[in-house]
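# Secondary and tertiary structure notes
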Amino acid sequence: MSITLNSGGKMPQIGLGTWAGMDPKERAAAQGWFSTALKAGYRHIDTAHFYGTEVFCRNAIRESGIPREEIFITTKLPAHHHERVAESLEESFSNLGLDYIDLYLMHCPQAILYDETTPLPRDADGVIITTDYSLNDTWADMEKLLATGKVKAIGVSNFSIKTLDQLFKTAKVVPAVNQVELHPYLTQNELLAYCKAKGIVITAFAATGYANVREDPLIVQLAVKYGVTPTQVILAWHISRGCVVIPKSANPQRQKENLQLPSLEADDNVKITALDRNERLSNKADETGRVFGWTYEQLGW
Ligand SMILES: NC(=O)c1ccc[n+]([C@@H]2O[C@H](COP(=O)([O-])OP(=O)(O)OC[C@H]3O[C@@H](n4cnc5c(N)ncnc54)[C@H](OP(=O)(O)O)[C@@H]3O)[C@@H](O)[C@H]2O)c1
């Protein structure tokens, strides 16, 4: 199952999320579960400079012996690199050991101050320090990458209708993808319709909705009805809406499970969409009321 992007490339609709936490040991250990995922049939890897897992993706891909061109690889420009797009991409290439990537995303609309020692510099009040550097300038630098042939498609992440409207004031290239938090408790109906109308594919992160959604009575009931697990029901719902999903699992059995999805009846998809509570479970405001330095209002959330 693949989706054709507005760039012409084909993106497998199910990929592997590779966020492995902040602990360097956990990140290194993730190479093991990246390998089992490739063995299980994953051909789409979602990583990011910020995750610190690019190098372990490289090792797992090399070890697998799978030809490079058979794997769709996404990585992301971190928020503290908005003023150094070309340099940051070179760092990602070096980490990934690749000469091209399939999709390069602006990880966040907000620009964080560049600090060599940390991706998340904070002020005395603990607020992550953002700058006024415009997302339009960053996008213009990302557009230039397409001409090099080393980046096959460009896109964004954590963008709302508000920040996409801002991007479109100057964009020459329509983002191929917008990767956002999306699950049955945060169905993002308006954003999905907006992106569809513009030809932007939505990739859902936190797509499973964690135990919150897995344990929802409707989801549990549908899992029984279809003879599958709650997560398979949730992921199948995403697929029915034309979204790409990138579930993360370190467990070989669950990795396989997440690739084998049932087809749900239309009525059941409608019922799942009705679970919406506009509830963020992943990227939500911290104790300063901001997400990576921006308020919900600035983000348009
Ligand atoms: N662009 C962004 O800002 C952004 C933000 C967050 C995440 N992401 C990307 O999206 C990926 C996925 O997001 P996420 O990890 O937050 O959420 P997720 O994939 O929805 O959930 C991962 C959690 O669900 C569990 N899980 C996975 N499959 C399961 C199954 N079949 N049954 C029961 N539990 C299952 C995993 O546990 P086990 O590992 O034990 O199976 C893990 O604890 C990340 O890895 C990253 O690549 C992007």
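That block above? That's the structure.
Residues numbered from 1 in each chain as written. Predicted model: local features only at pLDDT ≥ 70, side-chain atom pairs only at ≥ 80, totals over all residues. Heavy atoms only, no water.

### Quick look at the sheet that holds strand E6 (residues 103-106)
- The eight strands lie next to each other as E3-E4-E5-E6-E7-E8-E9-E10, forming an open sheet whose pairing is parallel. With one partner strand each, in any of the chains shown, strand E3 (16-17) and strand E10 (244-245) form the two edges of the open sheet.
- Alignment of strand E4 (residues 44-46) against strand E5 (residues 72-77), held across three bridges, turns out to be parallel. Looking across to E5, one finds that Ile45 is bridged to Ile73. (Pairing = 2+ DSSP bridges. Helix = DSSP H or I, 4+ residues; strand = E, 2+ residues; numbered from the N terminus.)

### Details of the site of the ligand
- Near the ligand you find 27 residues, and of these Thr208, Tyr210, Lys248, Ser249 and Arg254 are the closest.
- In this structure, Tyr51 approaches the ligand through a side-chain N or O atom, which is 3.3 Å from a nitrogen atom.
- Within the side chain of Tyr210, an N or O atom sits 2.6 Å from an oxygen atom of the ligand.
- Protein coverage of the free-state accessible area of the ligand, which is 900 Å², stands at 85%.
- Given that more than half its atoms are within 2 Å of the pocket grid, the ligand belongs to the largest pocket.
- At the level of elements, helix H7 (210-214) and helix H10 (252-257) are the ones that each hand at least two residues to the shell around the ligand.
- Taken together, the residues of the shell around the ligand break down into nine nonpolar, 13 polar and five charged. (Near = heavy atom within 4 Å. Polar contact = N/O pair within 3.5 Å; in protein donor to acceptor, adjacent residues only side chain to side chain. Areas by Shrake-Rupley, 256 points an atom, 1.4 Å probe, with all protein chains shown as cover. 1 Å grid on protein atoms, 1.4 Å probe; cavity = no way out; pocket = protein on both sides within 12 Å on 5 of 7 lines; lining within 4 Å. Sits in = over half its atoms within 2 Å of the grid points. Nonpolar A, V, L, I, M, F, W, Y, C, P; charged D, E, K, R; others polar.)

### Considering the packing of aromatic side chains
- Summed over the entire model, instances satisfying the criterion amount to five aromatic pairs.
- Measuring from ring centre to ring centre gives 6.1 Å for Phe50 and Phe292, while their planes differ by 80 degrees; the resulting arrangement is edge-to-face. Pair noted here: Phe50 is in the loop between E4 and helix H2 (54-64) and Phe292 is in the loop between helix H11 (266-273) and helix H12 (296-299), with a separation of 242 residues, a long-range link.
- On the accessibility criterion, Phe292 (25% relative accessible area) is partly exposed.
- Centre to centre, the rings of Tyr296 and Trp301 are 5.6 Å apart; their planes meet at 55 degrees, and the pair counts as tilted. (Phe/Tyr/Trp six-rings, centres within 6.5 Å; stacked < 30°, edge-to-face > 60°. Buried < 20%, exposed > 50% of the residue type's maximum accessible area, 1.4 Å probe, protein only.)

### As for the environment of Pro262
- Within the secondary structure, Pro262 is located in the loop between H10 and H11.
- Remark: the alpha-carbon pair of Pro262 and Gln232, spanning 30 residues in sequence, is separated by 7.1 Å.
- Beyond its immediate sequence surroundings of up to four residues, Pro262 is in contact with Val228, Gln232 and Ala236. (Contact = heavy atoms within 4.5 Å.)

### Some points on the layout of surface pockets
- Of the pockets and cavities examined, the largest pocket occupies roughly 710 Å³.
- Taken together, 30 residues line the largest pocket, and the ones lying closest to its centre are Trp19, Tyr51, Phe205, Ser282 and Asn283.
- Residue composition of the lining of the largest pocket, by class: 18 nonpolar, ten polar and two charged.
- Around the second largest pocket sit 17 residues that line it, and Gln188, Glu190, Leu191, Asn278 and Arg280 are the ones nearest its centre.
- Those elements giving two or more residues to the lining of the second largest pocket turn out to be strand E8 (177-181) and helix H6 (189-198).
- A total of three residues in the lining of the second largest pocket trace back to one element, the largest contributor, which is H6.
- A breakdown of the residues in the lining of the second largest pocket according to their chemical character gives six nonpolar, seven polar and four charged. (Points joined across faces, edges and corners; volume = space filled by probe spheres on them.)

### Looking at the pairing of strand E7 (residues 154-157)
- The two faces of E7 match: Ile154 and Val156 on one face and Gly155 and Ser157 on the other face are all buried.
- Bridge analysis of E6 against E7 gives three bridges, and the strand direction is parallel. Looking at the pairing, Met106 lines up with Val156 of E7.
- After leaving E6, the chain enters helix H4 (residues 135-146) and then returns to the sheet as E7, a path that is right-handed.
- Note: E7 against E8, two bridges, orientation parallel. Within E8, the position partnered with Val156 by the bridge is Asn178.
- This β-α-β element, E7 to helix H5 (residues 161-168) to E8, shows right-handed connectivity. (Right-handed = clockwise from strand over helix to strand, strands pointing away.)

### Concerning the pattern of salt bridges
- The final tally for this structure, using the stated rule, is nine salt bridges.
- Here Lys76 and Asp46 are joined by a salt bridge, their closest N and O atoms 2.7 Å apart. Of the two residues, Lys76 is situated in strand E5 and Asp46 in strand E4; the sequence distance between them amounts to 30 residues. Across the pair, Asp46 and Lys76 agree in class, each one buried.
- When the shortest N-O distance is used, the salt bridge between Glu279 and Arg277 registers 3.2 Å.
- Look at the salt bridges and you will find they share partners, linking Lys225, Glu265, Asp268 and Lys271 into a network. (Salt bridge = Lys/Arg side-chain N within 4 Å of Asp/Glu carboxyl O.)

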